[in-house]
Every structure is written in C-alpha cells, then in structure tokens.
Amino acid sequence: MSRMTRTHSALPADPSAAARELLPRLRDTEPLVQCLTNPVTVNLVANGLLALGATPAMTDVPTEAGPFARVASAVLVNLGTPHAEQREAMVEAASAAHDAGTPWVLDPVAVGTLPVRTALAHRLLGHSPAVIRGNASEIIALAGHGAGGRGVDSADTTEAARDSALHLARTSGAVVAVSGETDLVTDGETVVLIANGHRLLTRITGAGCLLGAVVAAFASTASAQADRLAATVAACATYAVAAELAAEQARRPGSFAVAFLDALDAVTPEDVAERARITVERPAAVPAGRTA
Amino acid sequence: MSRMTRTHSALPADPSAAARELLPRLRDTEPLVQCLTNPVTVNLVANGLLALGATPAMTDVPTEAGPFARVASAVLVNLGTPHAEQREAMVEAASAAHDAGTPWVLDPVAVGTLPVRTALAHRLLGHSPAVIRGNASEIIALAGHGAGGRGVDSADTTEAARDSALHLARTSGAVVAVSGETDLVTDGETVVLIANGHRLLTRITGAGCLLGAVVAAFASTASAQADRLAATVAACATYAVAAELAAEQARRPGSFAVAFLDALDAVTPEDVAERARITVERPAAVPAGRTA
Amino acid sequence: MSRMTRTHSALPADPSAAARELLPRLRDTEPLVQCLTNPVTVNLVANGLLALGATPAMTDVPTEAGPFARVASAVLVNLGTPHAEQREAMVEAASAAHDAGTPWVLDPVAVGTLPVRTALAHRLLGHSPAVIRGNASEIIALAGHGAGGRGVDSADTTEAARDSALHLARTSGAVVAVSGETDLVTDGETVVLIANGHRLLTRITGAGCLLGAVVAAFASTASAQADRLAATVAACATYAVAAELAAEQARRPGSFAVAFLDALDAVTPEDVAERARITVERPAAVPAGRTA
C-alpha cells in the first residue's frame, strides 16, 4: 500500500506512556506557546497554559507575529473571531512557524458555516500545521465533506468525522484531533480514541480553544512530526483527565472552570496513566475509501 | 387614546408566571445567541449564557455577522468598545436580524458621553431592536433627554429614567429595560418594576453586559414582539434572583462572580416565582406627557 | 549635585504610611481609571480595579479615548497586543492626559523584543507618563540598556534593572516601578524596595497588567508628581500584601485568581502596615553613573 511509505508515527505500546513522559518534559521546558486567538476565551487559554506549566504569549500584531513565531516553542492559530489585522498576523505566523520548524496548531473554529474563516483556514493549510484540532463538524467541513456546525457547537459525533479526519490528515500531513465525548486522534494511519473528559467541559466557554493550546504545548515536546501523534494523544488525555479531577471538586460551570485550572496545575503523569481510557486502532483497521 | 391602537403587550396577571414558563423553554431550546460585544466582558457573557442554558456565538466579523444573524435565535449588540470593524459588523447584524425577524437587543454602553458609539446607537435604532437595555443615564441619553453617564457607571436612578424609557419605547417600538437597584421595564405603556438583585452585581465587570445577553436569550422564547415585555421581565427577574442566590454563597466580588455563574445554572422557575418582587403599573398609570 | 535641583519626592519616614493614607482615599473617591489594554487580561484588570474600589472604563476607540482621558482620574496604557486602531487611541489618550494633567501609567509589555510596541513606547514617552511599570527586562530595554525579555516573562531580576530604572526615571521624569520577586520603585533619586508578594502571581495571566492599573488608581490620589513615588509604593505594597492574603486561602492558580480579587476587596490599610516589608534607599545611596 502506497500510504505505508509515508513517515510513520511512533506510538508506544502503552499509549498513556506518552503522557507519563511528555507532561514532565513540558513542565521542565515551560514551552513558549504563541497564541493568535479570539478575545472570548483568550484569558482561559493563557491561564490554562500557565496552570499546566507552559508560558503563553498572545503576540498577534502584524510584523511582530512572524518573528515571534520563529522563536516560540509552538504556535496556536484559532479562528474564533478572525478580524482583518489578526488574519494578516495569522498567515504571517503560520508561514514563519513552518519556515522555522516551529510546530503550529490550527483550530478551525466554525469553519464551513462562515465564509471569512473558511477561506482563511484553507489558505493556512498551505503552511503545514503540525496538528489540526476541531470538533466533528469543523473537521468534516475542513475535509470538504460537509457544511460545518453552528459556531463552536458540534452537531456531529466524533465517530461521524472519522473518515474526514483520516482524509484531512493524509492530505495535509497534520495530525488531526477531533474533540467530542470521545476524542479521536489520527495521523492518517493509526486512529486513537480517548474516552475521557466530562460533560461540564461543554458548559464553559473555551474548552476547545484551550485544548488547542495544550496540544500546541505538547507538540513542542515532540522532536519530529513522527512523534506528534503521541504528543497529541498525551495532550488530549492529560486535558480530559484534568477535567475529570475538576468535576470531582465542582458540579456547576462557574466553580468547574476554577477547579479545572487548579486541576491542570495538579494533574500528574500518574493520574493520566491510571485514568486514561485509550484505544489504539492500528493501520490495518483503516477503511480503504477516501484516500486522497 | 391613539396609543391604545398600538400592538399591546400581553403580560400575565401573575408577572412571575412568565419566568416560570419561559426559563424551561429557554433551557429546552438552547437558543443560539449571537453577541457582538466588547472584549472586557465577553468571557463572562459567553459563560453566563452557557450557564443559563443558551448557546453563545460571538460572530462579529463583517460578511460573517449578517448571515449568522439570519440563522441565530437572537442577537446582542453591545457598544462597550466599538472598534471600526466591529461597528461595521454590528450594522450588518442588526440589519440582517431585523430583516430575518431575529429579535435583537441593543445595549448602548456609555451612549451620550462618547461620540462614536452615540452616533452608532442612533443609526442602529433604525434597524428596530426588539429590546434596548441600559442603565438610567444611557436610556436618558439615548432618548435625547440628557448627557449620559461616565462609562458604564450610572449617575441616575432608574426612576429618573422613567419618562425617557417610556418615550424611547414609544419612538423605537422596542421594549426598554433600565437596570438599577430596581429594574424598570416598559413597552411604552405598561411599566414593570423588578425589585430584586444584589449590590455585588455592581462590584464585578460585565453584569450589565451579561444581562443584555440574557435578555436576548429570553427574547428568543417570545413568539412575537407583543410577548417581549413578558420575556424581558422574565429575563431581568431570573437574572436578579440568581444574583441573590449567589450572594448567599459568596460575599466578595471574586467568589461572587463564580457563584453567580453557578447560580445561573442552578436557578429554577420556582426560585424566581418565590423570590421575584415585581410590580406592574398598567397603562392608566402612564403619565400623559412625552408621547412621541 | 545638579540632580538635587529636581523636584523631590516626598516619601514619609514610615513608607507604609502612604498606603495607610492613600488606600482609604482611593476607596472614598472611586477614581475613574481609563484602561487602554490588551484583551488577554482586560477582564482581570477591570475586576481588580472594581474589587479594590476604583471605577474602570476601557475606552480605547479613537476620538473617544482622548476626550475621555481629559475627564478620567487616571489612565493606563498597556502595550500587550497593540493593534493599529488601539495604537492610535493610545497616543491620543496619552497626549490628552498629559495636556489635561491626568496622571497616566505606561506598561511597556514585551518592549525590546517586538518592533511595533517598541516604537510606540518610545513615542509615548514623549507624552510624560506619571509612572512606568514593567518587569526587569522591559525596563532595561526601554532604558536602552538591553534586548528585552520574551513576552511578559522576565529573564532578569529586579536588581539587575536598578541602573536602568534610575536612568529611565531621570530621563523621562516618571516614577519607574520594576516588578519582580522584590519590587523596585524609583523617581531617579530615592530607591524603594518592596519585598512582598507571592509566587502564585506568576502563575496567573495579567498580574502585571492589573498592577499597572492599580498603580494608575493610586496615582490619581497623589496631588502632584512629587507625591507619586509614595503613591506607587503604596500601590505595589497593597497589591503584594493582597496577594499574600489570597495565597493563605488558595494554593493553586485557578482558585488563587478568585481569592486575589476577594483580597483586593478585603485588604485594609492595617494589613498593609503590618505586613509590608519596605526598604528606602535615600539619594545618597544612588550610584553616580548613568545620569542622563
């Protein structure tokens, strides 16, 4: 099969081992994560990165964004409310990141339903994101298979986006992470399912945005694109386990958001190893259709 | 009297009955509330809508804002920090909302004192907001009766804005809600006073902004403009009762803001029915002056 | 010595006396603090000012920002993410503030490393800020002595910025406050060290931004530039003591941010007097070098 000639992701036999290894590395290196993101949730994104152990910097002014992306550890480009000046900075940052070898993450918020960000997302794909993270509707739309959801809300299940995620990963070269009740992560060959998290994540704004930033922070710990599947799985698992820890402390959305930040600070590699419910489906399980 | 020929708002004999009916309807329908609002409080607005049971979407990019307003359940236009690109999107959204029959709420922050937003507010009035929500100084200024307050702070009492609110409601066709220690809501005929709430609401940023969004969410549950007086009263009462519940859990502003989000999630129609202190002044009590 | 002919700051024999006097004055006057700041932390800045007892207003639209600065009690200009329209408003506000005698505070976020804000900061210096507040790297860079830090993170210690702070204070006429584990405040002659605070302040976003706003609020209580050294010391000490109180209530970043807002509301002049560890180094101790 021709697709087996592609660079293949190394996922350890025990997939939660990645989180055990990469979370301490993240906290040791305090990666500088540049975020070009929306004002709605930018405060949570910055505080979530700090709580986890990374260093956020929200540099999104044109002529500053590009040079910064060259020295950052990782970059997040989130299309939540992409105003004209920020769009210019996003293209600049993505281009510079790709050029400098800085891994960058695309979060295609509400792509498919809204024209400005849809055009921008397709343009940004040309700058080779390391990871694309979205909900099912967004991934289906970005893969060209559907119309997208309504805003940040996903009308589709993660499983419904499986083929689109595989297709998008193969055509873009990025790891694709689909967020939902169960997260699905794929490099276009291996599919990993992470059945953690808590429904309270859907009751606070920015849970998806912050996950995109956490994926970027973890991506900085991977030395090559081949390791980014493992890094993305580690990010999603750590994040979802932290949500479970938080939900044990708080049962309503206001206090949950506070407890979640505390949990991102408190969560240990052992917590992730004990609680993560990760299923790996090796390439043999990949359906034959839809190869680009 | 000529004004009796206007479409007349149906307010039930027991005014808290509206909250009992509309709050469950809101939570069942999870209305999609598009907010074009300021970055200062946008996070609270989004989280408050989610906590209450609505679905926020902060789409405020020109060429996206208009089409989105056509499919949204309701729209909030808040003039907190109206930069040029957002101003363009606000006019687009208000126009599309009016055209598509989507109820939209105008929050004329600091109108009267500041020139850009004052001109914009008057332009937006031409697109027939369903509800206008502001503090006393803003309503007085928008009605053309005074100079406005200093920023979001209101120098005037709700009662001082009564005539301005009646006048503005009659000339604009909107329900007008004046926020203060006692809220005053009117359709230009009936005046409703809601004597709930808590002074801690004045110690957190965005309490007014979020109320505007909650009014929009409730407006989506009203099938016609004639029902929007009841929907606006239900919004103000639910909001103010939630603040009272929160103040029983937290006595200082940081923890109050968290408890308030929890209370918006927890508040029940029965809480509102038991606690709401609502007075209805029927049209006979309306002073004769100032009819447009 | 020629520099002794400069207006000299009056610092009381007991430096914490300033906090004892100025904090109640701030709460009595509820100063209107106009903030032109970044969307990342603007919500914390507004809530922190409200918790302390000031009145925030985030007016940053061109043609509104200048007139507002004339009537505000104080102005904060924070260069966190200075987009084009906000840059225009910042120059307008700083110019109007200087012209009207409104004290204004410059927070030169990430100056030195990033070109747009570096040029803007130097331009703004021409409008005579009352206080400049930054971390060590930023103050060193703004004084022309180094390359700046990486974003809001400071690579240098406060003590390493001592000479730069003295130089910048003398050339700009502003009080300079360098934030770090120990804060250093100087008017170019007297150096004051404040050894309070808590490491959790480095784990939440916006601790520096909010301090800039608190400095602005305190600056409004000083009747002349000569009193602004004392006002800035009072601001830094009050802020750092509130952080210590908060850290006694919460040990992780999410809950610490909430407790910190509560502590800004709760902190008393007596708390500051009891806990403040302030050292004053009189002009005799100033090294001779680097006078402009």
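Residues numbered from 1 in each chain as written. Chains lettered and ligands numbered in written order. Predicted model: local features only at pLDDT ≥ 70, side-chain atom pairs only at ≥ 80, totals over all residues. Heavy atoms only, no water.

## With respect to the interface of chain A and chain B
Counting residues at the interface gives 24 residues for chain A, matched by 26 residues for chain B. Regarding the contact of chain A and chain B, the summed buried area is about 2100 Å², with carbon and sulfur atoms giving 57% of it. Where chain A meets chain B, there are three salt bridges. Linking chain A to chain B there are 13 residue pairs in polar contact (both at pLDDT 80 or more). Listing elements by their share of the side of chain A that touches chain B, those giving two or more residues are helix 4 (84-100), helix 5 (115-125) and helix 10 (253-266) of chain A. A per-class count over the side of chain A that touches chain B returns 10 nonpolar, eight polar and six charged. (Contact = heavy atoms within 4.5 Å. Buried area = accessible area lost by both parts, 1.4 Å probe. Salt bridge = Lys/Arg side-chain N within 4 Å of Asp/Glu carboxyl O. Polar contact = N/O pair within 3.5 Å; in protein donor to acceptor, adjacent residues only side chain to side chain. Helix = DSSP H or I, 4+ residues; strand = E, 2+ residues; numbered from the N terminus. Nonpolar A, V, L, I, M, F, W, Y, C, P; charged D, E, K, R; others polar.)

## Examining the relation of the copies chain A and chain B
Note on the copies: chain A fits chain B at an RMSD of 0.0 Å, the axial shift is 0.0 Å, and the rotation between them is 120°. Taken together, these values place the two copies in the relation of a three-fold axis. When each C-alpha of chain A is compared by its distance to the rotation axis, A:Pro39 comes out closest, at 3.3 Å. (Least-squares fit on C-alpha atoms with pLDDT ≥ 70 in both.)

## Thoughts on helix 1 (residues 16-29) of chain B
Residues and elements named next belong to chain B. Over its 14 residues, helix 1 runs 20 Å from end to end, which matches the ideal 20 Å to within 8%, given 1.5 Å per residue. For helix 1, the full list of buried residues reads Ser 16, Ala 18, Ala 19, Leu 22, Leu 23 and Leu 26. Those residues of helix 1 that are buried lie in contact with helix 2 (42-52), helix 8 (207-219), helix 9 (228-247), helix 11 (269-275) and strand 9 (278-281). In the segment just after helix 1, Glu 30 is the residue with positive phi, at about 40°. (Expected span 1.5 Å × (residues − 1). Buried < 20%, exposed > 50% of the residue type's maximum accessible area, 1.4 Å probe, protein only.)

## Some points on helix 10 of chain A
All names here are of chain A. Relative to the 20 Å expected for 14 residues at 1.5 Å per residue, helix 10 spans 19 Å between its end C-alpha atoms, a close match to the ideal helical length. Of all 14 residues in helix 10, 12 are buried; the element is thus mostly enclosed. If you check which residues of helix 10 are buried, you get Pro 253, Gly 254, Phe 256, Ala 257, Val 258, Ala 259, Phe 260, Leu 261, Asp 262, Ala 263, Leu 264 and Asp 265.

## Looking at the packing of aromatic side chains
Residues and elements named next belong to chain A. Inspection of the entire model under this criterion finds six aromatic pairs over all chains. Measuring from ring centre to ring centre gives 5.0 Å for Tyr 239 and Phe 260, while their planes differ by 85°; the resulting arrangement is edge-to-face. Note that Tyr 239 is positioned in helix 9 (residues 228-247) and Phe 260 in helix 10, a separation of 21 residues in sequence. For the pair formed by Tyr 239 and Phe 260, the shared burial category is buried. An aromatic cluster of three or more residues is present, and its members are Tyr 239, Phe 256 and Phe 260. (Phe/Tyr/Trp six-rings, centres within 6.5 Å; stacked < 30°, edge-to-face > 60°.)

## Remarks on the pairing of strand 4 (residues 104-107) of chain B
All names here are of chain B. Where burial is concerned, the two faces of strand 4 agree: the one with Trp 104 and Leu 106 and the one with Val 105 and Asp 107 are both buried. Each parallel crossover has a hand, and the one from strand 3 (residues 74-78) via helix 4 (residues 84-100) to strand 4 is right-handed. Judged from the two bridges that link them, strand 4 and strand 5 (residues 131-135) form a sheet pairing that is parallel. Bridge pairing links Val 105 to Val 131 in strand 5. Regarding topology, helix 5 (residues 115-125) serves as the crossover connection from strand 4 to the parallel strand 5, and that connection is right-handed. (Right-handed = clockwise from strand over helix to strand, strands pointing away. Pairing = 2+ DSSP bridges.)

## Some points on the pattern of salt bridges
Overall, the coordinates contain 30 salt bridges over all chains when judged by the stated rule. For A:Arg25, the salt bridge goes to A:Glu21, with nearest N and O atoms at 2.6 Å. With A:Arg25 and A:Glu21 both in helix 1 (residues 17-29) and four residues apart, the pair spans about one turn of that helix. Of the residues examined, A:Arg25 reaches a relative accessible area of 32% and is grouped as partly exposed. A:Glu21 gets classed as partly exposed once you look at its relative accessible area, which sits at 47%. The residue C:Arg117 makes a salt bridge to A:Glu64 at a minimum N-O spacing of 2.5 Å. Within this pair, whereas C:Arg117 is found in helix 5 (residues 115-125), its partner A:Glu64 is found in the loop between strand 2 (55-57) and helix 3 (65-71), the two belonging to separate chains. On the accessibility criterion, A:Glu64 (0% relative accessible area) is buried.

So far we have only geometry, and geometry alone does not tell us how the molecule works.
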